[in-house]
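Spelled out, the chains give:
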2 protein chains.
Amino acid sequence: MHQPEHLKNAGLKSTLPRLKVLELLENAQDRHLTAEDIYRKLHEAGEEIGLATVYRALTQFEAAGLVTRHNFEGGQAVFELERGPHHDHIVCVHCGRVDEFYDKIIEERQRAIAKKLGFKLHEHTMTLYGECSGRDCPGRKNKG
Amino acid sequence: MHQPEHLKNAGLKSTLPRLKVLELLENAQDRHLTAEDIYRKLHEAGEEIGLATVYRALTQFEAAGLVTRHNFEGGQAVFELERGPHHDHIVCVHCGRVDEFYDKIIEERQRAIAKKLGFKLHEHTMTLYGECSGRDCPGRKNKG
DNA sequence: ATTGCAAATGAGAACGATTATCATTCGTAT
DNA sequence: ATACGAATGATAATCGTTCTCATTTGCAAT
Ligand SMILES: [Mn+2]
Ligand SMILES: [Mn+2]
Ligand SMILES: [Zn+2]
Ligand SMILES: [Zn+2]
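Residues numbered from 1 in each chain as written. Chains lettered and ligands numbered in written order. Predicted model: local features only at pLDDT ≥ 70, side-chain atom pairs only at ≥ 80, totals over all residues. Heavy atoms only, no water.

A. Local environment of the domain arrangement of chain A. Residues and elements named next belong to chain A. Structurally, chain A comprises domain 1 (1-83) and domain 2 (85-144). Distance between the C-alpha centres of domain 1 and domain 2: 23 Å. Taken together, the contact pairs 6 residues of domain 1 with 7 residues of domain 2. Each partner contributes to the roughly 590 Å² buried at the junction of domain 1 and domain 2, and carbon and sulfur atoms together form 57% of this total. Joining domain 1 to domain 2, the criterion identifies 1 salt bridge. With a closest N to O distance of 3.2 Å, Arg-31 and Glu-100 form a salt bridge. In this structure, the connection of domain 1 to domain 2 is made through 6 residue pairs in polar contact (both at pLDDT 80 or more). Taken together, the residues of the side of domain 1 that touches domain 2 sort by class into 1 nonpolar, 2 polar and 3 charged. (Domains from an automatic or database assignment. Contact = heavy atoms within 4.5 Å. Buried area = accessible area lost by both parts, 1.4 Å probe. Salt bridge = Lys/Arg side-chain N within 4 Å of Asp/Glu carboxyl O. Polar contact = N/O pair within 3.5 Å; in protein donor to acceptor, adjacent residues only side chain to side chain. Nonpolar A, V, L, I, M, F, W, Y, C, P; charged D, E, K, R; others polar.)

B. Quick look at the coordination of the manganese ion (ligand 1). Residues and elements named next belong to chain A. For the manganese ion (ligand 1), the protein coordination sphere consists of His-32 (NE2), Glu-80 (OE), Glu-80 (OE), His-87 (NE2), His-89 (NE2) and Glu-100 (OE), at 2.1 to 2.4 Å. We note that the donor set of the manganese ion (ligand 1) lies within a single chain, spaced as H-x47-E-x6-H-x1-H-x10-E. With His-32 in the loop between helix H2 (16-27) and strand E1 (33-34) and Glu-80 in strand E3 (residues 78-81), this pair connects stretches of sequence that are 48 residues apart. Of the residues examined, His-32 reaches a relative accessible area of 7% and is grouped as buried. (Donors = N, O, S within 2.8 Å, 3.2 Å for Na, K, Ca; no water. Helix = DSSP H or I, 4+ residues; strand = E, 2+ residues; numbered from the N terminus. Buried < 20%, exposed > 50% of the residue type's maximum accessible area, 1.4 Å probe, protein only.)

C. Region of the structure containing the protein's contact with DNA strand D. DNA strand D sits among 19 residues. The nearest are Tyr55(A), Thr15(B), Arg18(B), Thr53(B) and Arg56(B). Counting only the atoms of DNA strand D that lie within 4 Å of the protein, the sugar and phosphate share comes to 80%. Side-chain polar atom of Tyr55(A) to a phosphate oxygen of DNA strand D: 2.4 Å apart, as the coordinates give it. Here a phosphate oxygen of DNA strand D and a side-chain polar atom of Thr15(B) are 2.5 Å apart. (Near = heavy atom within 4 Å.)

Written out as C-alpha cells, the structure is:
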C-alpha cells in the first residue's frame, strides 16, 4: 500500500525510487534499517536504484517527518518509518536485536531536567545496550 | 598533576604523548573534547604529537576506563576524562554547550525496562538536545 | 499525446572522521 | 649501555555519507 499521496502530502514529488524506498520501509520485517540495507534489499528484489538516491530519499523523508534516523553506536545510521508515537530503544550487544519502549516517567523527568538546567528541550536520544534473551542470540549462555 | 602512575595502573606504558593527552584532558576548561580539539590544543601549546597518536591514546584510555567516548549527533566523537560517577548530557543545538546531569529515577526506570524486556543491561546513552539560556548563546532571543 | 523544464536520478568523485601500515624512535628491564 | 618489544608519526587506506554533473523523469501546460 504505497501511496503516492503520502509523498505528495509531504511536499515531495512522487517518483519511482522514492516509492520503492517507502514501500520497502513499510513492508520490511525489520523496522530499523541502514541505507545500505535498503539498497541491498531493493537490488535483491530486482529493483534498480542508486545508493545516493537511497540516501537522498531517506534524508528527505526525515526532513518531512516520515522517517526517523537513529545513530546507534557503531558505523551506520539506521532509519525507521514513523508509524506511531515516540519511543526509545534497547539494543542487544550480541545479535543487534532492537526492542522499543516508551516510559512516561522518564519522559517527564527529561522535561523537568531540561527546565531546571535552563534549556528549552527539543528532543532526545536514549538507547540502552545489553544482552537479550533470544533463543538464537549468539551471546546466550546455552542452557536448555 | 599528570602522574605516570595513572597510566601504569591502567596497564599502559608511560609515554610522553600519552602523558600530554592525559594532562590536557585534566586541565582543559572544556570537559568534552574531540580528538582534533586535543590535537590542536597540544600543537597550540607547542607540543609535538601526531593525530593518529591522539586517537590511539584516547582509544586505549577508553579501554582502560580512564576516558569515556560520547557520540553526540554530528560528526566527531567527544571524549571526557572519567572523574566522578556516571552522568548523562544535555547539549545546546545553537552553541554546543554541554551540561551534565544525573537522575536516579531515570536510572532506576532504565533498569526496570531492561529487566522487563529480558535484557541484561550493560550501559546506556541518553542525550537531550535543546536551546540553552546562556547570555552569549547565538540562539538566544535577544531580550535585555 | 506532445512539449518544456525544473527537479530527480545514478555513477562515480569527493569528503570527513577514524583506523591501518610501516619504518623509525622510545621505554624499560636486563 | 644493550636489546627488544611497544609506541610513534607520516601517510595511505577505509568507511559511511554527500557532492557533482550529465542524463532522465515527473508533471503541467499546450
Ligand atoms: Mn524504533
Ligand atoms: Mn560528561
Ligand atoms: Zn541478542
Ligand atoms: Zn546555547
